[in-house]
Amino acid sequence: MSTVELRTDAEPVMPSASGTAVRGWTRPAPTAREQRYDVLLGLAMALAAVFGTELARGGSPTPVDLGIGGVEPYVLSAAVALPLCFRRRWPIPVVLVVAALFVVNGERVLFAFGGNLITQATMFMAIYAAVAWARDRRLMKAAIAVVFVVMFGWLTLNFVHALRNNAIEGPNQALFSPYVSNVIIAVALNALYFFGAYFWGRTAWATARQRFELEQQATELAAQQDANSRRAVLDERLRISRELHDVVAHHISSIGIQAGGARRVMDTDPDAAKNALNVIEESSRSAVNEMRQLLGMLRSADPDLDVGTPDPKEPQAGADRLPALIAEANSLGLEVGFHQIGSPAELPKTVSVSVYRIAQEALANVRKHSTARSAHVTLRYLGDAVELEVLDDGRPKHAPVGSRLGHVGIRERVGLLGGESEIGPRPVGGFRVRVRIPLDPQNRPLAGGS
């Protein structure tokens, strides 16, 4: 596609439906394929014009003058069509040349001019191409004005000549004389012909401009959506990183306490010291694994983003706080039920926090983007994994339904923990958010890879 140029002589444009406008837009030059098509069109029109002239000659009720060399009508009829080979490449010169040859045809070979539809179509196509493809809009308007003045001036001279020679007569007595009637008909047909070509060309130019504007908007929207999705992923990773920081700090504190206790009872109670060392070993392994996840996410995060700091007074999020979250949602007008399946088990801190955050995001989406009046949260302990499911019975609101970046964050969080997610409409109506997260840290991928 050719590069779009910005020129001060281009026509101003009307605002689009989006409220934006492309000012100073210039239509790109025709492609090589379009230029080849124009050459074939011009040659085909020239051959058709020659054939049309022969038909006009055969259909003439009176003898015709073939002019210079006996081929003048054929040469002129082909010549008026050949410039169409360049109608989109050089539209303004083409319309001026075609207009000149159009007048010459009308003066030199009247029988071929009046009876050859190809010649008439050629002038129409030249005007259309000039208006639709001219890149310099001011020059185009000046050229079209010259063509229109010449054509209607030529028509006027013919009427004056016919009036002097009393060439337009008729036997019928009507509201207007034969001369006046013919003048009205001719002016109306020529106005429809010339101005029709002009406005059709303007429509084509405006359509091309609108198509360019829509492509620009689509590109901007795609870039905006990519940036928003990337920001959502980064925000979620940074949020997890802050939570993992608290988790790792908890492990380190636990290790310190257990080590101090083991040191004190090492001589008097070897078994207690051994148990403390086992706790230290398990905590250190969990801390190392979660620290690797933390470092992996920090490598992926954008260092230029403002990370911010969490509110130190806010209670630590976790699966054990789901009842409080549901009570809060109920207080906001959404009727939420809660069901727990399986024997409760102590979840790893990262998993526990993620279960809470996913439920929080899912319920927030129900309130904001659904007509649902009720929802249900189910927490399942499956031994080697934990599963969270949030269901609602509503439909998406007709208002803008958001960017769905919350869903991006949920998938990102679950993916980092090695789990799987299912987010989407339910076959029976409503919406489902279901995630399954493994509890064994050894089965989780390390974010960022190492």
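In every chain, residue numbers begin from 1 and rise along the written sequence. In keeping with the model being predicted, local features are shown solely for residues with a pLDDT of at least 70 and side-chain atom pairs are shown and tallied solely at 80 or more, while totals for entire chains, interfaces and linings include all residues. In computing side-chain properties, one takes all heavy atoms of the structure into account and sets aside hydrogens as well as water.

Q: Can you lay out the overall build of the chain for me, pointing to particular residues and giving the numbers?
A: In DSSP terms, a helix is any run of H or I states spanning at least four residues, a strand is any run of E spanning at least two, and both are numbered starting from the N terminus. What the chain contains, in helices and strands, is 11 helices and five strands. To sort residues, take the accessible area from a 1.4 Å probe on protein chains only and compare it with the maximum for the residue type: under 20% means buried, over 50% means exposed, and anything in between is partly exposed. The proportion of buried residues among the 450 residues of the chain is 40%. The contact rule is simple, with two residues in contact once any of their heavy atoms fall within 4.5 Å. Expressed as a percentage of contacts within the chain between residues at least 6 apart in sequence, the contacts between residues at least 24 apart total 75%. Looking at the chain as shown, the accessible area adds up to about 25,400 Å², and 59% of this sits on carbon and sulfur atoms. Shrake-Rupley sampling with a 1.4 Å probe provides the accessible areas, and residues are treated as covered by the protein chains on show and by no other component.

Q: Describe the nonpolar core, with residues and values.
A: Definition used in this section: a nonpolar core is a set of buried Ala, Val, Leu, Ile, Met, Phe, Trp, Tyr and Cys residues joined via side-chain atoms within 4.5 Å. By size, the foremost hydrophobic cluster in this structure holds 35 residues, and its most contacted members are Val336, Val355, Ile358, Leu363, Val386, Leu388 and Val433. Breaking this core down by element, the ones donating at least two residues are helix H9 (322–331), helix H10 (349–369), strand E2 (374–381), strand E3 (385–392), helix H11 (405–416) and strand E5 (431–438). Broken down by element, this core gets its largest block of residues, nine residues, from H10. Among all residues touching Val386, those that are not within four sequence positions of it are Leu347, Val351, Val355, Leu379, Arg380, Tyr381, Val435, Arg436, Ile437 and Leu439. Formed by 32 residues, the second largest nonpolar core is a distinct cluster that contains Leu41, Val80, Val131 and Phe148.

Q: Please set out the sheet that holds strand E4 (residues 420–425) residue by residue, giving values where relevant.
A: Here, any two strands with at least 2 DSSP bridges between them count as paired. Overall, mixed pairing links the five strands, which are arranged E1-E2-E3-E5-E4 in an open sheet. Every other strand in the sheet has two partners, leaving strand E1 (335–341) and E4 as the edge strands with one partner each. Looking at each pair of strands side by side, their axes are set apart by 10 degrees on average, direction ignored. Bridge analysis of E2 against E3 gives seven bridges, and the strand direction is antiparallel. Paired with Tyr381 across the bridge in E3 is Val386. Note on geometry: axes are lines fitted to C-alpha atoms, helical ones only across the stretch in contact, with angles between N-to-C directions running from 0 to 180 degrees. In this fold H9 packs onto E1 and E2, with an angle of close to 165 degrees to the strand it touches most, E1. Taken strand by strand, H10 contacts E1, E2, E3 and E5, and its axis lies near 10 degrees from that of E3.

Q: Can you break down the side chain of Arg434 residue by residue, with the values?
A: Here Arg434 shows up in strand E5. Given the relative accessible area of 16%, Arg434 is considered buried. Each polar contact in these results corresponds to two N or O atoms within 3.5 Å; when the atoms are within protein, one needs to be able to donate a hydrogen and the other to accept it, and residues that are neighboring in sequence are counted only if both atoms are side-chain atoms. A distance of 3.0 Å separates a polar atom in the side chain of Arg434 from a polar atom in the side chain of Glu387. Setting aside residues no more than four positions away along its own chain, Arg434 makes contact with Glu387, Leu388, Glu389, Glu420, Ser421 and Glu422.

Q: Please give an account of helix H5 (residues 117–133) that cites residues and values.
A: In this model, H5 (17 residues) spans 24 Å end to end at C-alpha, consistent with the 24 Å of a helix rising 1.5 Å per residue. Listing the buried residues of H5 in full gives Thr119, Thr122, Met123, Ala126, Ile127, Tyr128, Ala129, Ala130, Val131, Ala132 and Trp133. Here a helix's expected span is defined as the number of its residues, less one, multiplied by 1.5 Å.

Q: Requested: an account of the packing of helix H1 (residues 32–59) against helix H2 (residues 72–81), with residues and values cited.
A: Remark: H1 packs on H2, axes separated minimally by 8 Å, with the N-to-C direction vectors making an angle of 145 degrees. Crossing of H1 against H2: the hand is right-handed. Taking contact as the criterion, the partners of Gly42, Met45, Ala46, Ala49, Val50, Thr53, Glu54 and Arg57 in H1 are, on H2, Pro73, Tyr74, Ser77, Ala78 and Ala81. Taken together, the residues of the contact of H1 with H2 break down into eight nonpolar, three polar and two charged. Here is the rule for handedness: rotate from the far helix to the near one, and if that takes an anticlockwise turn smaller than a right angle the crossing is left-handed, while a clockwise turn gives right-handed. Side-chain classes follow a simple rule in which Ala, Val, Leu, Ile, Met, Phe, Trp, Tyr, Cys and Pro form the nonpolar group, Asp, Glu, Lys and Arg form the charged group, and the remainder, Gly included, forms the polar group.

Q: Which residues make up the packing of H9 against H10, and what values go with them?
A: Axis separation between H9 and H10 bottoms out at 10 Å; the angle between their running directions is 10 degrees. The pairing of H9 with H10 is recorded here as roughly parallel in orientation. Seen from above, H9 lies across H10 with right-handed handedness. Packed against H9, whose contacting residues are Leu322, Leu325 and Ala329, the element H10 presents Val355, Tyr356, Ala359, Gln360, Leu363 and Arg367 at the interface. Roughly parallel covers angles under 35 degrees, roughly antiparallel covers those over 145, roughly perpendicular covers 65 to 115, and oblique covers all other angles.

Q: Outline the pattern of salt bridges, supporting the account with residue identities and numerical values.
A: Only one rule defines a salt bridge in this text: a Lys or Arg side-chain nitrogen within 4 Å of an Asp or Glu carboxyl oxygen. Overall, the coordinates contain 12 salt bridges when judged by the stated rule. When the shortest N-O distance is used, the salt bridge between Arg88 and Asp38 registers 2.9 Å. Of this pair, Arg88 sits in the loop between H2 and helix H3 (91–108) while Asp38 sits in helix H1, and the two are 50 residues apart along the sequence. Several salt bridges converge on common partners, so that one network encompasses Arg380, Glu387, Glu389, Glu420, Glu422, Arg432, Arg434 and Arg436.

Q: Which residues make up a nonpolar patch on the surface, and what values do they have?
A: Like charges within 9 Å and nonpolar side chains (Val, Leu, Ile, Met, Phe, Trp, Tyr) within 5 Å are joined into patches, using only residues over 30% in relative accessible area that form no salt bridge. A surface patch of nonpolar side chains, amounting to about 220 Å² of accessible area, comprises Val39, Leu43 and Leu82. Relative to the elements of secondary structure, Val39 occurs in helix H1. We classify Val39 as partly exposed; its relative accessible area is 33%.

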